[in-house]
Amino acid sequence: MFDVAKHLGAVTRAVEDSTHEGTPVKVVVASRTYPTDVDDLWQAVTDPERIPRWFAPVSGDLRLGGRFQVEGNAGGEVTACDEPKHFAITWEFGGDTSWVDVHLEEASDGATLTLRHAADVRDNPHMATYGPGAVGVGWELGLMGLAEHLASGTTIPHEEVEGWGASAEGQSFMSGSASRWGEADAATSGAPEASRAAAARTAAFYTGAEPPA
C-alpha cells in the first residue's frame, strides 16, 4: 500500500532567494535519502534506459555539452558532470530557461540526492501565481517515483501513474506536497499568506480542483 505520509515526510524542502549569473532567481531545494549507494543512485538518474522506469523517456546526448529532451516536457543542455556526485542541466520549456543542479552524497542510511532548481523571478507570472511550489511538487513526484523504483526495481507504467494521480492517494500526496512547499516558501518570502495562497492554487492545479478565489 502507498504510504502518503511516509513519502511526504521523506523530503526536506527549502526555498531560497539567490542569483544565477547576475539574474535574480528563486531556488527550490528538495532533498531525499534512498536506501542504496551513490553509484546505483547515479545510474538511476542518469542512465537513459533506466530513467523512464521512474520518470519519463529521455532522448539525446546525456554527456557534458550534450542536449537532451524529456518526452512531453523540457529539454536542455548538460552543463556540468562529475560522476557519480554531481550534474547540472538547463531546463528549457515554453520559451523559458531555468537551471537544475543535482548533488549525490553518501549518507549513514544510504545515499542522498539534493536537487536545486533555480528560476528567473523577473516578470514571471507563473511564479507570481503558483509560487515555487509548482516546481517543487513536480520534482517531488519524481523523487517519489524514484523511491518506488529503487524499492522494487520495476518499471512504473505511465498509464498507472496517471491513474494514481486521480486516486485518493495521489490527490492527498499532491495536496500535501503543495501545502508543505507553501510553508517552505512562507519561511523566507516575507509574505507568508501570499505564499500559502499560491500553494493553494498549486494544489488545485495538480489535483484538478476548483482554484481558490
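Right, let's walk through the structure included here. (Residues numbered from 1 in each chain as written. Predicted model: local features only at pLDDT ≥ 70, side-chain atom pairs only at ≥ 80, totals over all residues. Heavy atoms only, no water.)

### Here's the deal with the overall build of the chain
- Scanning the chain from terminus to terminus reveals seven helices and eight strands.
- In terms of C-alpha radius of gyration, the chain reaches 17 Å, essentially the compact-globule figure of 17 Å for 213 residues.
- With respect to the principal axes defined by its C-alpha atoms, the chain has extents near 45 × 45 × 35 Å.
- The proportion of buried residues among the 213 residues of the chain is 44%.
- Restricting the contact set of the chain to residue pairs at least 6 apart, pairs at least 24 apart contribute 52%.
- Split by element, the accessible area of the chain, about 10800 Å² in all, is 52% carbon and sulfur. (Helix = DSSP H or I, 4+ residues; strand = E, 2+ residues; numbered from the N terminus. Rg over C-alpha atoms; globule rule 2.2 N^0.38 Å. Buried < 20%, exposed > 50% of the residue type's maximum accessible area, 1.4 Å probe, protein only. Contact = heavy atoms within 4.5 Å. Areas by Shrake-Rupley, 256 points an atom, 1.4 Å probe, with all protein chains shown as cover.)

### Some remarks on the nonpolar core
- Judged by nonpolar contacts, the single largest core of 37 residues is most densely connected at Tyr34, Leu41, Trp91, Leu113 and Leu146.
- When residues in this core are grouped by element, the largest group, six residues, is from helix α4 (residues 133-152).
- In this view, Trp91 contacts Phe55, Phe68, Val70, Asn73, Ala74, Gly75, Asp96, Thr97, Ser98, Val100, His117 and Trp139; residues no more than four positions away in its chain are not counted.
- Phe2, Val4, Met144 and Phe173 belong to the second-largest nonpolar core, a separate cluster that totals seven residues. (Core = buried A, V, L, I, M, F, W, Y, C linked by side-chain atoms within 4.5 Å.)

### Some details on the sheet that holds strand β2 (residues 23-34)
- Spatial ordering of the open sheet is given by β1-β2-β8-β7-β6-β5-β4-β3, a layout of eight strands whose pairing is antiparallel. Each having just a single partner strand, β1 (11-20) and β3 (58-60) make up the two edges of the open sheet. The average undirected angle you get between the axes of adjacent strands in this sheet is 25 degrees. (Pairing = 2+ DSSP bridges. Axes fitted to C-alpha atoms, helices over the stretch in contact; angles between N-to-C directions.)

### Some thoughts on unusual backbone geometry
- The linkage connecting Glu83 with the following residue, Pro84, adopts the cis geometry, with an omega of 0 degrees.
- The topology assignment puts Pro84 in the loop between β5 (75-82) and β6 (86-93).
- Phi at Asp123 takes a positive value of approximately 45 degrees, unusual for a residue other than glycine.
- Its place among the elements puts Asp123 in the loop between β8 (110-120) and α3 (125-130).

### Thoughts on helix α7 (residues 192-207)
- For α7, built from 16 residues, the straight-helix expectation of 22 Å at 1.5 Å per residue is met to within 8% by its first-to-last C-alpha distance of 22 Å.
- Looking at the buried residues of α7, the elements they touch are α3, α4 and α6 (168-189).
- One or two steps after α7, the chain reaches Gly208, where phi turns positive at roughly 80 degrees. (Expected span 1.5 Å × (residues − 1).)

### A few points about a negative patch on the surface
- Taken together, Asp37, Asp39, Asp82, Glu83, Glu105 and Glu106 make up a surface patch of like negative charges.
- Assignment of secondary structure puts Glu105 in strand β7 (residues 96-107). (Patch = residues over 30% accessible without salt bridge, like charges linked within 9 Å, V, L, I, M, F, W, Y side chains within 5 Å. Salt bridge = Lys/Arg side-chain N within 4 Å of Asp/Glu carboxyl O. Lys, Arg positive; Asp, Glu negative; His and termini not counted. Charge placed at Lys NZ, Arg CZ, Asp CG, Glu CD.)

### Considering the side chain of Thr207
- With respect to the helices and strands, Thr207 occurs in helix α7.
- Of the residues examined, Thr207 reaches a relative accessible area of 16% and is grouped as buried.
- Among the polar contacts listed, one links the side chain of Thr207 to the backbone oxygen of Ala203, at a separation of 2.8 Å.
- Sequence-distant contacts of Thr207, that is, excluding residues within four places in its chain, are made with Gln171, Met174 and Ser175. (Polar contact = N/O pair within 3.5 Å; in protein donor to acceptor, adjacent residues only side chain to side chain.)

### What to know about the side chain of Arg13
- Following the sequence through the fold, Arg13 ends up in strand β1.
- Among the polar contacts made by the side chain of Arg13, one reaches the main-chain carbonyl oxygen of Val11 at a distance of 3.2 Å.
- There is a polar contact of 2.7 Å between the side chain of Arg13 and the side chain of Glu140.

### Section: the pairing of strand β4 (residues 67-70)
- The alternating pattern of β4 places Phe68 and Val70 on a buried face and Arg67 and Gln69 on a face that is not buried.
- In sequence, β3 turns back onto β4 through a hairpin of six residues, with Gly65 there showing a positive phi of about 90 degrees.
- Of the strand pairs in this sheet, β4 and β5 are connected by three bridges, and their pairing is antiparallel. In the sheet register, Arg67 faces β5, and the bridge partner there is Glu77.
- Remark: four residues form the turn of the hairpin made by β4 and β5, two consecutive strands paired antiparallel; Gly72 in that turn has positive phi of roughly 75 degrees.

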